[in-house]
Structures are given as structure tokens and as C-alpha cells.
Amino acid sequence: MTSARHNNLCLCNTCHKLCKKPPAAQTKALCPRCYSPLFSRKPETLIRTWALTIAAAILFIPANLLPITTITYLGHSQPDTIMSGIIALTKAGMIPIAIVVFIASIAVPVLKLLGIVTLLLSVQYRWSMNPTQRTLMFRMIEWIGRWSMLDLFVIAILMALINLGNLSEFEAGSAANAFGLVVVLTMFAATSFDPRLIWDQDVTTDDKEPKDIKDD
């Protein structure tokens with residue numbers, strides 16, 4: 001398989017113009033349209049993606065252990081974590097809502113983190129995984145990212161609906177901040193990952209190019 005990189009072609013990361021990259025011995029290449037530096041792969045993509053993923057995984061712990069909501073009714077406050085809120089919804093018979101909250105708050109973030117880690121490890125250690133399947137996994141992670149804020153949207157709507165002055169009050173807990181950061185960091189991690197690295201392993205095997213897959 002012949003790649004664009006093999007033919008000294010690269011895509012500008014700023015304006016997405018396909019450019020002919022000069023030989024490495026020459027000076028730093030610039031995009032002829034926007035004059036941004038040209039790289040055949042995103043610079044430091046693996047390091048940056050690892051850092052964002054690890055930070056998101058660390059923040060996922062307080063996001064699930066600290067209260068994400070506090071409901072005050074007639075002076076009595078009831079803090080809830082994500083899981084205790086799901087259990088309360090289930091006991092109240094609101095199983096469909098509990099399933100939505102579980103998927104948006106626990107299942108999706110965990111699957112995103114595991115998916116990104118799998119992609120990083122498969123590229124870094126050259127796992128013999130199908131590149132087409134890994135590309136589909138990457139697209140799924142990107143697609144899911146746009147729905148990751150669903151849980152925070154639910155909290156914002158509940159705050160607007162339940163706050164009734166002195167009778168009832170609904171507040172977002174400290175876990176909401178941590179959860180929001182998890183969502184943002186996983187979105188940045190998916191964006192910073194360069195999916196072309198998935199195909200580099202296949203290209204270097206067929207064309208017998210140098211096995212260096214490090215960033216430019």
C-alpha cells in the first residue's frame with residue numbers, strides 16, 4: 001500500500017490543503033495557502049493524547065464519587081452521586097430515564113476512555129489489529145463525543161424546572177465540574193489523536209519503509 005506520506009504529500013492541519021512536502025533536508029515546510037507549518041503527522045500526537053486521556057481518567061473518579069446533584073425540599077437536603085441517582089430513579093419506577101443517565105454518565109465515558117487507550121496502545125506497540133476496525137472505532141469515539149454533554153444538559157434542565165424558591169431547590173454538585181472536565185478532555189484527546197498512525201503500521205509492512213512511526 002502506498003501512502004501520501006510515502007509520496008511526500010501531507011495535509012495542512014490548519015486549512016486542510018493537500019501539499020507537497022519538500023525533502024527533510026530542506027528548511028521547515030510551510031503551507032502555501034495559510035503559511036502554517038506542515039507535518040505529515042500531528043506533532044506529539046501520542047504524548048498529548050496520552051496526557052489528556054490520563055487526566056480524564058483521573059477526573060472520572062471524583063466525578064463518580066462526589067455528589068453531582070443536591071436536591072433540597074422543605075429544608076431537607078439530599079445529595080446524590082451519579083450511581084445513587086440512577087438507583088433512586090430505578091426505585092421510583094423511572095427506568096427509561098435511569099437507563100439514559102447510566103448510558104450518558106457511566107457507559108459512554110468508560111467506553112470512550114477504553115477506546116482511546118486501545119487505539120493508543122495498538123499504535124504504540126503495533127498490535128496486529130484490523131486497521132479498518134480501528135478506524136471505525138475512532139469514528140465512533142468522535143461521534144459519541146458530541147452526545148457526552150447529555151448528562152450536564154439534564155442537570156441544567158432539572159435546575160430550571162425544580163427550583164421553586166424556598167420550597168424546593170436543585171443544585172449541581174462538585175462532581176458536575178469534574179464530569180464536565182472529563183467530557184471536554186476526552187473530546188480533546190479524540191481530536192489530538194492522529195488516525196493516520198493506524199494505517200502507518202500496514203504501510204510500513206507492505207512497502208518496507210522505515211519502522212519509525214514517531215511524530216514529525
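The shown structure was predicted, so the numbers you read here are calculated from the model rather than taken from an experiment.

### Examining the pattern of salt bridges
Okay, step 1: Evaluation of the coordinates by the stated rule reveals two salt bridges.
Okay, step 2: When the shortest N-O distance is used, the salt bridge between R41 and D200 registers 2.7 Å. Residue R41 is located in the loop between β2 (18–20) and α1 (45–65), and its partner D200 is located in helix α7 (residues 196–207); the two are separated by 159 residues in the primary sequence. Grouping residues by exposure puts R41 and D200 together as buried.

### Some details on a nonpolar patch on the surface
Okay, step 1: A surface patch of nonpolar side chains, amounting to about 510 Å² of accessible area, comprises M83, I87, I95, I99, F102 and I103.
Okay, step 2: Those elements giving two or more residues to the nonpolar patch turn out to be α2 (82–91) and α3 (95–124).
Okay, step 3: Among the elements that take part in the nonpolar patch, α3 stands out by supplying four residues, more than any other.
Okay, step 4: As for its placement among the helices and strands, M83 is situated in helix α2.

### Looking at the nonpolar core
Okay, step 1: One finds L46, L119, V123 and F193 to be the most contacted residues of the largest nonpolar core, which totals 16 residues.
Okay, step 2: When contributions to this core are tallied by element, the ones reaching two or more residues are α1, α3, α4 (131–145), α6 (174–192) and α7.
Okay, step 3: In terms of residue count, the dominant contributor to this core is α3 (five residues).
Okay, step 4: Counting 13 residues, the second-largest nonpolar core is a separate cluster that includes L89, I106, A176 and A178.

### Topic: the packing of α2 against α3
Okay, step 1: Across the interface, α2 lies against α3 with an axial gap of 8 Å and an inter-helix angle of 165°. Between α2 and α3, the interaxial angle falls into the category roughly antiparallel. When the axes of α2 and α3 are compared, the crossing they make is left-handed. In this structure, α2 contributes I82, M83, I86, L89 and T90 to the contact, and α3 contributes I95, I97, A98, V101, F102, S105 and I106.
Okay, step 2: Of the residues contributing to the contact of α2 with α3, the split by class is ten nonpolar, two polar and no charged.

Reading the values: rules and limits
- Per chain, residue numbering runs from 1 following the sequence as it is written.
- Only residues with pLDDT of at least 70 get local features here, since the model is predicted, and only at 80 or more are side-chain atom pairs given and counted; chain-wide, interface and lining totals rely on the full set of residues.
- Based on all heavy atoms of the structure, the side-chain values leave hydrogens and waters out of the count.
- Think of a salt bridge as a Lys or Arg side-chain nitrogen and an Asp or Glu carboxyl oxygen that are within 4 Å of each other.
- Only DSSP runs of H or I reaching four residues or more are called helices, and only runs of E reaching two or more are called strands; each is numbered from the N terminus.
- The cut-offs for exposure are 20% and 50% of the maximum accessible area for each residue type, with area from a 1.4 Å probe on protein chains only; residues under the lower value are buried, those over the upper are exposed, and the others partly exposed.
- Each patch is built from residues that are more than 30% exposed by relative accessible area and take part in no salt bridge. Like charges join if they lie within 9 Å; nonpolar side chains (Val, Leu, Ile, Met, Phe, Trp, Tyr) join within 5 Å.
- To be clear on the numbers: accessible area is Shrake-Rupley with a 1.4 Å probe, and residue cover counts the displayed protein chains and nothing else.
- Remark: nonpolar core denotes a set of buried residues (Ala, Val, Leu, Ile, Met, Phe, Trp, Tyr, Cys) joined through side-chain atoms within 4.5 Å.
- For helices, the fitted line uses only the C-alpha atoms of the stretch in contact; every axis is such a line through C-alpha atoms, and the angle between N-to-C directions lies from 0 to 180 degrees.
- When an angle is under 35 degrees it counts as roughly parallel; over 145 it counts as roughly antiparallel; between 65 and 115 it counts as roughly perpendicular; any other value is oblique.
- Each crossing is labelled by how the near helix is turned from the far one, with a counterclockwise turn of less than a right angle marking it left-handed and a clockwise turn marking it right-handed.
- Contacts are assigned to residue pairs with any non-hydrogen atoms lying within 4.5 Å of each other.
- Classes in brief: Ala, Val, Leu, Ile, Met, Phe, Trp, Tyr, Cys and Pro nonpolar; Asp, Glu, Lys and Arg charged; the others, Gly included, polar.

Scope: geometric values only; no functional claims are made or implied.
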